[in-house]
Amino acid sequence: MSIIIDKLNYIYSTGTAYEKHALKNINLVINDGEFIGLIGHTGSGKSTLTQHLNGLMKGTSGDIYYNGENIYDKNYNMKSLRNKVGLVFQYPEHQLFETTVFKDICFGPRNQGLDELQIELRAYEAMKMVGLDNDLLDASPFELSGGQKRRVAIAGVLAMKPEVLILDEPTAGLDPKGRDEILDQIAYLHKESNITVILVSHSMEDVARYVDRLIVMNKGEIAFNDTPQKVFANYKELEAIGLAAPQVTYVMNELKIRGIPVKTTPITVEEAKEEILRVLKKGTGLEIRND
Amino acid sequence: MIRDITIGQYYPSNSILHKLDPRVKLVGTILYIVFLFFIQNYYGYIFAAVFLGLIITLSKVPVKFILRGLKAVLFLLLFMVAFNLFFTPGNEAFSFGFIRVTWEGIESAILMGLRLIFLLLGSSIMTFTTTPNQLTDGLEKLMGPLKKIKVPVHEISMMMSIALRFIPILMEETDKIMKAQMARGADFESGGLIKRAKSLIPLLVPLFVSAFRRANDLAMAMEARCYRGGEGRTKMKPLKYAGKDMLAYLILIMYVAGIIAINKYL
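Residues numbered from 1 in each chain as written. Chains lettered and ligands numbered in written order. Predicted model: local features only at pLDDT ≥ 70, side-chain atom pairs only at ≥ 80, totals over all residues.

In the nomenclature of an unreviewed UniProt entry, chain B is known as Energy-coupling factor transporter transmembrane protein EcfT of Anaerocolumna aminovalerica. Under the heading Subunit (unreviewed entry), UniProt records this for chain B: "Forms a stable energy-coupling factor (ECF) transporter complex composed of 2 membrane-embedded substrate-binding proteins (S component), 2 ATP-binding proteins (A component) and 2 transmembrane proteins (T component)." (UniProt positions renumbered as here; feature names shortened; annotations may be inferred.)

Chain A appears in an unreviewed UniProt entry as Energy-coupling factor transporter ATP-binding protein EcfA2 from Anaerocolumna aminovalerica. As recorded by UniProt, the Subcellular location (unreviewed entry) comment attached to chain A reads in full: "Cell membrane". Quoted verbatim from the Sequence similarities (unreviewed entry) field of UniProt, the annotation for chain A is "Belongs to the ABC transporter superfamily. Energy-coupling factor EcfA family."

Written as structure tokens, this is what we have:
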């Protein structure tokens, strides 16, 4: 049960002035139940890659295996793949179209051919998962706030009960509070239902504290593929490709350079605090001033 | 899928045609299209084809790319050819059952088909080599004299440039929404006519909403930059004829003269 990407290439508009090699020889294994962060600068190919995973785009060459089956096989059932690999697009609220929130969430499960009872059950479940109040059921999706709209759209995909959930920049354009709420909810969802989650983002800060593994893309290629700690150790290289490590990584590195023997691995403010306190308590010969 | 529609698109290159003043290209295209309808014999068509071939070569736009634009109107083309073929009265060439094909029908089908193809290719060469901005600049300048009789020339060309600018944006948007709904299990391809029409609702509603949202944003952005119509507005790059533009006009005059001469003497 996993996704294996084997030598995948994708070229846009072959043979014209707009030709672009968007994915270059991508090899990747995504295991069941992993929480993965997919990071890259604008135009690095991360959105293109995600659209390959549920068959919306077809690679120019290479193969993708889902649970051992090649999705480019002639008689592979693409529709069932899309039921299993849920993709939440960037600005998903732009795809809302129904007259009520509830009907919109029902759209996905209805396309799966479930019976009415199942559909409604799943819609309620999905609304709960993203933290939407039941009194919004009959509201028009166009009347909601930006954050609520996005929850509705994410619920619309969750209601399909995917085995793999891909979210393309789920926090773009949200305020810090909305961003944290959505990310916390996704992390909770991952923990509870143990589905595979791929979180696409261009912000290290956002994903660092949630994901098990970071995949960094640059110009259509995979630049790094490791745990966040190990990836952030290469913060100089990350800067070169237009990304940055979380700010605490810089703080820790600077502390170390200035002679305080801290580890440079913390990636959240909380971890950094613990690490600094640990070192200070041990006593470093440095004076702690209280002014 | 939707990316394949090339008609009306701009194709970046640095050919002589790309560098011409947009007014020359506009006038040229109009003249070319008008004189297509004056051609009276096959020699005229050969002349028009050779001229078009030369222009395409000069434009440095790949022929494959240009022909792809024809695909979009293939149905219209076939429809027109078939109509001319079967419904033109005259001497019978052959018939099967109730379908009667006349010699006159064959002739007018070929001529109409050629005329339409030349027309499409001629005008797409213009859009391939001229950015929408240049095009509307050219149009505004050409229509300038109409301002005297209170025609809102600037507003018309502004509307045109906005419309042109939004074609690729809305196409991209369509593509995106289509994919997003397909990810939710929507099916745009199978089923009968009614089912298919119904399946378009999840595509069309978000598309309309986004078009209105974009229009609203654009109006706001224009207003924030103190846009209030064309009065007193200056251009960063005012259009100016250069030597090559004059040469292009000369070639156009020669083309028109050629068509007239062929009509008269051949």
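1. As for the overall build of chain B
When helices and strands are counted, chain B shows 11 helices and 2 strands. In chain B, the succession of helices and strands from N to C terminus is α-α-α-α-α-β-β-α-α-α-α-α-α. Summarising its shape, the C-alpha atoms of chain B cover approximately 65 × 60 × 40 Å along the three principal directions. Burial analysis of chain B (266 residues in total) assigns 20% to the buried set. For chain B, the share of sequence-separated contacts (at least 6 apart) that also reach a separation of at least 24 residues comes to 74%. (Helix = DSSP H or I, 4+ residues; strand = E, 2+ residues; numbered from the N terminus. Buried ≥ 20, exposed ≤ 12 C-beta atoms within 10 Å, placed from the backbone. Contact = placed C-beta atoms within 7 Å.)

2. Examining the overall build of chain A
Within chain A, the regular secondary structure consists of 11 helices and 10 strands. Its C-alpha atoms give chain A principal-axis dimensions of roughly 70 × 50 × 35 Å. Within the span of chain A, comprising 291 residues, buried residues form 40% of the whole. In chain A, the proportion of contacts linking residues at least 24 apart, taken out of those at least 6 apart, comes to 63%.

3. Some remarks on the interface of chain B and chain A
On the side of chain A, 25 residues touch chain B, which itself brings 22 residues to the contact. The element best represented in the side of chain B that touches chain A is helix α8 (residues 153–183) of chain B, accounting for 7 residues. For the side of chain B that touches chain A, a count of residues per class yields 13 nonpolar, 4 polar and 5 charged. (Nonpolar A, V, L, I, M, F, W, Y, C, P; charged D, E, K, R; others polar.)

4. Some remarks on the sheet that holds strand β4 (residues 61–66) of chain A
Two strands in a sheet stick together by hydrogen bonds in their backbones, pointing the same way (parallel) or opposite ways (antiparallel). All names here are of chain A. Strand order in this open sheet of 4 strands is β2-β1-β4-β5, and the pairing throughout is antiparallel. The open sheet has two edge strands with one neighbour each: β2 (20–31) and β5 (69–70). Taken together, the 2 bridges between β4 and β5 define a ladder with antiparallel strand orientation. Paired with Y65 across the two strands is N70, which belongs to β5. (Pairing = 2+ DSSP bridges.)

5. Considerations on the nonpolar core
By size, the foremost hydrophobic cluster in this structure holds 77 residues, and its most contacted members are I105, A155, I166 and L199 of chain A. What A155 of chain A contacts, discounting residues up to four positions off in sequence, is I105, A126, M127, M129, V130 and L132 of chain A. Grouped together as the second largest cluster of nonpolar side chains are 13 residues, I55, L121, I125 and M126 of chain B included. (Core = buried A, V, L, I, M, F, W, Y, C linked by C-beta atoms within 7 Å.)

6. Here's the deal with the sheet that holds strand β6 (residues 85–88) of chain A
Residue and element names in this part refer to chain A. Taken together, 6 strands build an open sheet; the order of strands is β6-β7-β8-β3-β9-β10 and the sheet is mixed. Strands with a single pairing partner mark the edges of an open sheet, and in this sheet they are β6 and β10 (221–226). Going across the sheet, the axis of each strand differs from the next one's by a mean of 15°, ignoring polarity. Where strand β3 (residues 35–40) lies against strand β9 (residues 213–218), 5 bridges are found, and the strand directions are parallel. Considered in β9, the bridge of G40 is made with M217. (Axes fitted to C-alpha atoms, helices over the stretch in contact; angles between N-to-C directions.)

7. Some details on the UniProt feature "transmembrane region" (unreviewed entry) in chain B
The UniProt record annotates "transmembrane region" (unreviewed entry) at residues 30–58, 70–89, 109–130 and 246–265 of chain B. The annotated region residues 246–265 of chain B carries 100% helix and 0% strand content, and the separation between its end C-alpha atoms amounts to 28 Å.

8. Some remarks on helix α7 (residues 132–142) of chain B
Within the sequence span of α7 of chain B, burial applies to P132, Q134, L135, T136, D137, G138 and E140 of chain B. The inward-facing, buried residues of α7 of chain B abut α2 (22–36) and α8 of chain B.

9. Here's the deal with the packing of α8 of chain B against helix α10 (residues 201–224) of chain B
How two helices pack is summed up by the angle between their axes together with the distance between the axes. All names here are of chain B. Packing of α8 against α10 leaves a shortest axis separation of 10 Å and a crossing angle of 140°. The angle between α8 and α10 falls in the class oblique. By crossing handedness, the relation of α8 to α10 is classed as right-handed. Side by side, α8 and α10 meet where L170, E173, T174, I177, M178 and Q181 of the first sit next to P202, L203, P206, L207, S210 and A211 of the second. A class-by-class count of the residues in the contact of α8 with α10 yields 8 nonpolar, 3 polar and 1 charged. (Parallel < 35°, antiparallel > 145°, perpendicular 65-115°, else oblique. Left-handed = near helix turned anticlockwise from the far one by under 90°.)

10. Considering the pairing of strand β7 (residues 164–168) of chain A
Residue and element names in this part refer to chain A. Counting buried residues in β7 gives 5 out of 5 residues, a clear majority hidden from the surface. Covered by surrounding structure in β7 are V164, I166 and D168 together with L165 and L167, the residues of both alternating faces. Two elements, β6 and β7, share 4 bridges in a ladder whose sense is parallel. Bridge pairing in β7 links L87 to I166.

11. What to know about the pairing of β4 of chain A
All names here are of chain A. Here strand β1 (residues 2–12) runs beside β4; their pairing, made up of 5 bridges, is antiparallel. The partner of D6 across the bridge, within β4, is D63. Between β4 and β5, which follow one another and run antiparallel, lie 2 residues, and N67 among them has a positive phi close to 50°.

12. Section: the domain arrangement of chain B
Assigned domains within chain B: domain 1 (1–130 + 240–266) and domain 2 (150–233). One C-alpha centre belongs to domain 1 of chain B, the other to domain 2 of chain B; they are set 30 Å apart. (Domains from an automatic or database assignment.)

13. Here's the deal with unusual backbone geometry
Residue and element names in this part refer to chain A. Backbone geometry at Y91 places phi at a positive 45°, although glycine is not the residue there. Looking at the secondary structure, you find Y91 in the loop between β6 and α3 (101–111). The phi angle at K219 is positive, at roughly 50°, despite the residue not being glycine. Tracing the sequence through the fold places K219 in the loop between β9 and β10.

14. A few points about the environment of Y18 of chain A
Mapping Y18 of chain A onto the fold places it in the loop between β1 and β2. Residues in contact with Y18 of chain A, not counting those within four places in the same chain, are Y12 and S13 of chain A.

15. Quick notes on α8 of chain B
Its 31 residues give α8 of chain B an end-to-end C-alpha distance of 45 Å, which sits within 8% of 45 Å, the value for a rise of 1.5 Å per residue. At I167 of chain B, α8 of chain B shows its strongest bend, of approximately 30°, with the proline P168 of chain B following within four residues. Considered for burial, the residues of α8 of chain B that qualify are S157, I177, M178, A180, Q181, M182 and A183 of chain B. Elements that come into contact with the buried residues of α8 of chain B comprise α2 (78–84) and β6 of chain A together with α7 and α10 of chain B. Count one or two residues on from α8 of chain B and you reach G185 of chain B, which has phi positive near 90°. (Expected span 1.5 Å × (residues − 1). Bend = angle between axes of the 7 residues up to and from the residue.)

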